[in-house]
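# Coordinate inspection notes
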Amino acid sequence: AQGYSTGDPLTKVTGLNVEVGGTNNVGFLRNSQNALPTANINTNAMVLNNTTIGDTFNFDSSATGSALIRSDVHEVILDKDITVGATGIQNSLMQAGNDGKVTLASGKTITSTTANEFYGMTAGNFAGAGGDGKKATAENKGILNIAGNKSLGMAIDVDDEGINNGTITFTGTNGAGAYNTGTFTAKSGSSINVNTPGQNSIGVFNSGTLTINNGATITGTAKDATGIYATGGTATNNGTISMTAEKAKGLVTDKAGTTTGNIINNGTVSVTGTESVGAAALDGTITAAAGSISASGPSGITLYTGGTTGGTITATGGTIDATNGAINVYADKGTIKFNGATINTGSGSLAFMKGSNGGIVNFNSATTANIATNGTAFYIPPTVSPIPTTPTYSAFTGLTGAALTGFNNLNNLTLSMSPNSNLAVASYVQTKVSDLAASSIGSLVATVTGINYNDYLLYKSELTADAGTTYAQFKKIALSNSSIINNTNLKLQYCFLSFVNIFLLLLSLIHISE
């Protein structure tokens, strides 16, 4: 299409009807016009609107691998709502190739909720890993409502650019709001939403350069949804990522072939739900540079390294928060480093947990962990496995250097303990007051501040108040579902400490240990 020589090239076009069927076809194409002298080319945007477009402008049910609108040069703007019905797979409603640009106008909506592998807007030809050396651009200023299996709201190839200035809502399965291998920017005021009834989908997949600007949001309510999933390149979040669903994830880095993902967080990341994870480095790196990362809910985790090899998380600033039974820090494999961030552990939550697969938590510089009432600093995993129906105890003499292997540079850690918080929790153990009185995290070089906190919380355990122990020593030990053997003249003012959220925490820990 070339059209009118000044202004909108489609000025004199009205009632254009297009129906795309078959394989690898294009309904409306703005081509490169290489045969025309430069002076004769109208470079203004072509606008497809209610006047330009007729009653029929869509795919038919046979379309596969086709595009309804494509621009290979300059810009085509869609200024009309279009709803796509049942059609084939791998169709794109708006496609930019070569040096072209496609734009969905503000206030306009593209809807496709029945077709699988449908792409709302794409930039690039996706011909190979090296790209074509040209820059195609897709910009959303309107609303993309996309569903189906393996569908994508926007897809950006290597060398090409995607811009979200509007809203992308994805309600399908195994897909993404945006898929980026080139350069993608979510502008301030824009939003990407991964919502029910779909599941196992992603706000933005990245292996290129991704920027979420301050004022931009990624949200999710779908089970197993992820805010940003990166297997290459660098993603930077300056905005807000908020995921509220079972097994939701905020940030995930992983590996694809020889490349690994890298994510930098300067904004806000929050996840709420059972087994939700704020930031998970399965490979690659995550840097918590500023802002906050938080998890809330049973068996939730704020910072996690694990997976096949385990990646690296470096917290250089901001806050790392856990509430309602979540865990601040869990290193199963890989390394979690602290170089300036502050850790806040809420009631019923746990600050630090290390798996049995070589994970490391390194306090590289001065780090403060604030432990709220009914919160706990360290988890000591039971040596009894599997967890017995009838309690079977293992001997326990308190925290030792061996129990904290993998927690490096503890001298840089300060634990600020609230009343009735716990330094460590142990379960299915058999121990004595005198043994626990002689051992605590304070004796293992970390700095502990606060009053009326407990050295230990024992769950489904057996505690002996042995001869010579004192009430002052005993009251530093909290008990839940545990028994006491009194072999001394210890005068008890109380023998059981009840914590509002302690069962929530312990159930979370047992689930993660299994």
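Residues numbered from 1 in each chain as written. Predicted model: local features only at pLDDT ≥ 70, side-chain atom pairs only at ≥ 80, totals over all residues. Heavy atoms only, no water.

## Details of the overall build of the protein chain
Tallying secondary structure elements over the protein chain gives three helices and 53 strands in all. If one aligns the C-alpha atoms of the protein chain with their principal axes, the spans along those axes are about 100 × 40 × 35 Å. Counting every position in the protein chain, which comprises 514 residues, the buried fraction comes to 54%. Counting contacts in the protein chain only where the partners sit at least 6 residues apart, residues at least 24 apart contribute 75% of the total. Carbon together with sulfur atoms contributes 48% to the accessible area of the protein chain, which is approximately 19100 Å² in total. The centroid of the 23 positive side-chain charges in the protein chain is displaced by 6 Å from the centroid of its 28 negative side-chain charges. (Helix = DSSP H or I, 4+ residues; strand = E, 2+ residues; numbered from the N terminus. Buried < 20%, exposed > 50% of the residue type's maximum accessible area, 1.4 Å probe, protein only. Contact = heavy atoms within 4.5 Å. Areas by Shrake-Rupley, 256 points an atom, 1.4 Å probe, with all protein chains shown as cover. Lys, Arg positive; Asp, Glu negative; His and termini not counted. Charge placed at Lys NZ, Arg CZ, Asp CG, Glu CD.)

## Remarks on the layout of surface pockets
Approximately 330 Å³ is the volume attributed to the largest pocket. The wall of the largest pocket is formed by 18 residues, among which Gln90, Ser92, Gln95, Tyr119 and Phe126 lie closest to the centre. Among the elements of the structure, strand E5 (67-71), strand E8 (92-96), strand E11 (119-123) and strand E14 (152-156) are those that each provide at least two residues to the lining of the largest pocket. Taken together, the residues of the lining of the largest pocket break down into seven nonpolar, 10 polar and one charged. (1 Å grid on protein atoms, 1.4 Å probe; cavity = no way out; pocket = protein on both sides within 12 Å on 5 of 7 lines; lining within 4 Å. Points joined across faces, edges and corners; volume = space filled by probe spheres on them. Nonpolar A, V, L, I, M, F, W, Y, C, P; charged D, E, K, R; others polar.)

## As for the pattern of salt bridges
Per the counting criterion, the structure on display carries four salt bridges. Between Arg70 and Asp72 there is a salt bridge, with its nearest N and O atoms 2.8 Å apart. Judged by its relative accessible area of 12%, Asp72 falls in the buried class. Linking Glu139 and Lys101 is a salt bridge whose minimum nitrogen-to-oxygen distance equals 3.1 Å. (Salt bridge = Lys/Arg side-chain N within 4 Å of Asp/Glu carboxyl O.)

## Focus: the pairing of strand E4 (residues 53-59)
For E4, the tally of buried residues reaches five of seven residues, placing the bulk of the element in the interior. Strand direction decides the pairing type here: strand E1 (residues 16-20) and E4, joined by four bridges, are parallel. Within E4, the residue paired with Leu16 across the bridge is Ile53. (Pairing = 2+ DSSP bridges.)

## Section: the pairing of strand E47 (residues 422-427)
When you tally the buried positions in E47, you get six out of six residues, the bulk of the element. Bridge count between E47 and strand E50 (residues 454-459): five bridges; the pairing is parallel. When the bridges of E50 are listed, Ala424 appears paired with Tyr456.

## Considerations on the environment of Ala281
By the secondary structure assignment, Ala281 is in strand E31 (residues 277-281). Sequence-wise, Ala281 and Ile336 are 55 residues apart; in three dimensions their C-alpha atoms are separated by 9.3 Å. Excluding its chain neighbours within four sequence positions, the residues that come into contact with Ala281 are Thr253, Ile286, Tyr304, Thr305, Gly306, Gly310, Gly311, Thr312 and Ile313.

## Some details on the sheet that holds strand E44 (residues 394-395)
One open sheet holds the four strands; their spatial order is E44-E48-E51-E53, and the pairing between them is parallel. Because the sheet does not close on itself, it has two edges, and the strands there are E44 and strand E53 (483-486).

## Some thoughts on the side chain of Lys80
Counting through the fold element by element, Lys80 comes out in the loop between strand E6 (75-79) and strand E7 (82-84). Of the side chains bearing the opposite charge, Asp55 lies closest to the buried Lys80, which forms no salt bridge; the N-O distance is 6.8 Å. At a separation of 3.0 Å, a polar atom in the side chain of Lys80 contacts the side chain of Asn50. In contact with Lys80, not counting residues within four places along its chain, are Leu48, Asn49, Asn50, Ile53, Lys108 and Thr109. (Polar contact = N/O pair within 3.5 Å; in protein donor to acceptor, adjacent residues only side chain to side chain.)

## Describing the packing of aromatic side chains
One pass over the full model with this rule turns up 10 aromatic pairs. On the numbers, 6.1 Å between centres and 90° between planes, the contact of Phe59 with Phe118 is edge-to-face. Residue Phe59 is found in strand E4, and its partner Phe118 is found in the loop between strand E10 (109-112) and E11; the two are separated by 59 residues along the sequence. Assigned by exposure class, Phe59 and Phe118 land together as buried. With a centroid separation of 6.3 Å and 20° between ring planes, the pair formed by Phe205 and Tyr229 is classed as stacked. Of the two residues, Phe205 is situated in strand E20 (residues 202-206) and Tyr229 in strand E23 (residues 226-230); the sequence distance between them amounts to 24 residues. For Tyr229, a relative accessible area of 21% gives the class partly exposed. Pairwise contacts between aromatic rings join Phe338, Phe352, Phe363, Phe378 and Phe407 into one cluster. The cationic tip of Lys476 hangs over the ring face of Tyr453; the distance from NZ or CZ to the ring centre is 3.8 Å. (Phe/Tyr/Trp six-rings, centres within 6.5 Å; stacked < 30°, edge-to-face > 60°. Lys NZ or Arg CZ within 6 Å of the ring centre and 35° of its normal.)

## Observations concerning the nonpolar core
Ranked by size, the top nonpolar core spans 108 residues in total, and within it Ile69, Leu78, Leu93, Phe338, Phe352, Phe378 and Leu415 carry the most contacts. In contact with Leu93, not counting residues within four places along its chain, are Phe59, Leu68, Ile69, Leu78, Ile82, Val84, Ile110, Phe118, Tyr119 and Gly120. Val277, Tyr304, Leu457 and Ala478 belong to the second-largest nonpolar core, a separate cluster that totals 13 residues. (Core = buried A, V, L, I, M, F, W, Y, C linked by side-chain atoms within 4.5 Å.)

## With respect to the confidence of the model for the protein chain
Summing up the model confidence of the protein chain, the mean pLDDT is 91 and the portion of residues at 70 or higher is 90%. When the criterion is pLDDT under 50, residues 492-504 qualifies, and its contacts beyond four places in sequence or with other chains add up to 33 contacts. (pLDDT = per-residue confidence, 0-100.)

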